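Structural overview for review
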Amino acid sequence: MNDNVHQGLHGEGFIYALACASGLTTFKMNLDLDGVDWQVAHPGPKGTTRSPKIELQVKSRSQPDQRNGLFQCRLPVNNYNQLAGPGFQIPRFLAYVVVPAEAANYAVCSTDHMLLGTAAYWLSLADEDIKPTGDDDPKSVVVEVPVSNLLTVETLHALLAGNLEGATV
C-alpha cells in the first residue's frame, strides 16, 4: 500500500475509533465530492437538539509543523473552501490527525489494550472567508490548528453540542 494512503487510512480509522469510544454513530461518505470524509452523530436527543451531527474532513501528518502551540497545516484551497464560511446545515470541522512516523506504530497491541498513535485535533473554519480560486490565486492556504483542540471523548461530545469553547483542553 502507498505510504500516503496507509497514513490517511490510519487517520480516518483514528477518527472512527474515537467516535465509537464516544458512543456515537458514524457515516463514511462513499465519495469525497464535498470535502466530507466522516459524519459523526449522537444517536437521539442531546440537550434540546435531536440527533445532532457534525461533518469532518480528515487530514493526517506524520511530521507535523508545530509552532507556539499551533500546528501549521497546509490545505489545498478547494479543501479549505469546503470547510470555510457560514451556511452549512451541519457544522463542519477539519480533523487533523498526527500519526506516528513508522506505520508499525499506528496500532500497538497488548493483552491489556490497543494503543492508537498519536492524536487528533479539530479546527472550525466557519468564521473564515472563502478563498478565491482564479488562475492567479494561491492554490493552497496554511491553517493553524491549536494543540488545545485535542479530540477526546469529551471534546467530541462538546462539538456535537455546539460548544466550541468546551471542546478545548
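Calculation rules
Residues numbered from 1 in each chain as written. Predicted model: local features only at pLDDT ≥ 70, side-chain atom pairs only at ≥ 80, totals over all residues. Heavy atoms only, no water. Helix = DSSP H or I, 4+ residues; strand = E, 2+ residues; numbered from the N terminus. Buried < 20%, exposed > 50% of the residue type's maximum accessible area, 1.4 Å probe, protein only. Polar contact = N/O pair within 3.5 Å; in protein donor to acceptor, adjacent residues only side chain to side chain. Contact = heavy atoms within 4.5 Å. Pairing = 2+ DSSP bridges. Axes fitted to C-alpha atoms, helices over the stretch in contact; angles between N-to-C directions.

Take Asp 127: it is sitting in the loop between strand E11 (119-123) and strand E12 (140-146). Relative accessible area serves as the criterion here: at 75%, Asp 127 is assigned to the exposed category.

In this section: the side chain of Glu 55. Relative to the helices and strands, Glu 55 resides in strand E5 (residues 53-61). Side chain to side chain, Glu 55 and Arg 92 meet in a polar contact 3.0 Å long. With sequence-adjacent residues up to four places away left out, Glu 55 is seen in contact with Met 29, Val 36, Trp 38, Gln 39, Ile 90, Pro 91, Arg 92 and Phe 93.

To continue, consider the sheet that holds strand E1 (residues 25-28). The strand order E1-E2-E5-E8-E11 describes an open sheet built from five strands, whose pairing is mixed. Edge strands, defined here as strands with exactly one partner in the open sheet, are E1 and E11. For this sheet, the mean inter-axis angle between neighbouring strands, taken without regard to orientation, is 30°. Contacting E1, strand E2 (38-41), E5, strand E8 (92-98) and E11, helix H1 (residues 3-21) crosses the sheet at an angle of about 145° to E5. Each of E2, E5, E8 and E11 touches helix H3 (residues 153-160); the most contacted strand, E5, lies at about 135° to it.

Limitation: the analysis is restricted to geometry and does not speak to function.
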